[in-house]
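What follows is the residue order along each chain.
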Amino acid sequence: MNYSVRPPATSFSTRAGAFKMRRYLNGRSLSSPPHSSRATELWVRGMTVSQLKALAWGCTPYRARAVIELALRARREDEAVTALGELSLLPPLQEGRLFHLVTLSWAAITALLAAETARSRWLAYARFADLDLDDQQALLLYLNAPSIEEAHPRL
């Protein structure tokens with residue numbers, strides 16, 4: 001696996017996802033985002049899980065913030081666990097980087113592990129198995145765990 005930073009996804013389906021997501025957010029315009037990080041945090045915090053899922057699916061600068069907000073809700077809301085499981089399979093999230101090697105897909109899997117519910121752990125194991133072998137080893141190294149079953153990250 002090439003561990004260099006991958007370029008952003010520029011496929012038509014990724015760009016089209018942003019348009020669908022804009023329509024889905026009930027008139028909220030991403031062309032005029034909040035002006036401060038605190039306003040962005042409150043803006044994302046007020047969204048439903050389905051709106052956060054649409055925001056993470058689209059090709060926007062707020063994709064990572066939506067995944068993090070879903071991660072914070074995963075312990076309380078089963079719908080957020082389902083959304084994180086679905087999002088971790090998407091190619092744009094597998095290509096989108098938070099920093100260095102850590103992709104948004106890894107962040108979703110880590111959030112599922114951190115939720116510490118039976119369903120979230122089972123879903124995290126399934127999504128971990130979907131990664132290729134190099135990504136699995138790199139994720140285990142990032143989590144500082146010998147196996148995925150022994151990983152207990154905290155958010």
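Look above for the structure.
Analysis parameters
- Residues numbered from 1 in each chain as written.
- Predicted model: local features only at pLDDT ≥ 70, side-chain atom pairs only at ≥ 80, totals over all residues.
- Heavy atoms only, no water.
- Helix = DSSP H or I, 4+ residues; strand = E, 2+ residues; numbered from the N terminus.
- Buried < 20%, exposed > 50% of the residue type's maximum accessible area, 1.4 Å probe, protein only.
- Salt bridge = Lys/Arg side-chain N within 4 Å of Asp/Glu carboxyl O.
- Phe/Tyr/Trp six-rings, centres within 6.5 Å; stacked < 30°, edge-to-face > 60°.

Caption draft 1: Just the environment of A126, in detail. Within the element layout of this structure, A126 appears in helix 8 (residues 118-130). Assessed through its relative accessible area of 23%, A126 is described here as partly exposed.

Caption draft 2: Region of the structure containing the pattern of salt bridges. A complete count under the given rule lists 6 salt bridges for this structure. K53 is the partner of E86 in a salt bridge, and the nearest nitrogen-oxygen pair spans 2.1 Å. Placement of E86 in helix 5 (residues 78-87) and of K53 in helix 3 (residues 49-57) is noted, with a sequence separation of 33 residues between them. R121 is paired through a salt bridge with E116; the nearest N and O atoms lie 3.5 Å apart. The class of R121 is buried, set by a relative accessible area of 8%. On the basis of relative accessibility, which here comes to 39%, the residue E116 falls in the partly exposed class. A network of salt bridges, in which partner residues are shared, links R65, E69 and R73.

Caption draft 3: Structural context of the packing of aromatic side chains. This model, assessed by the stated rule, comprises 1 aromatic pair. Between W106 and Y142, the ring centres sit 6.2 Å apart and the planes meet at 35 degrees, which makes this aromatic pair tilted. Here the residue W106 occupies a position in helix 7 (residues 104-115), and Y142 occupies one in helix 9 (residues 133-143), the gap between them amounting to 36 residues. For W106, a relative accessible area of 2% gives the class buried.

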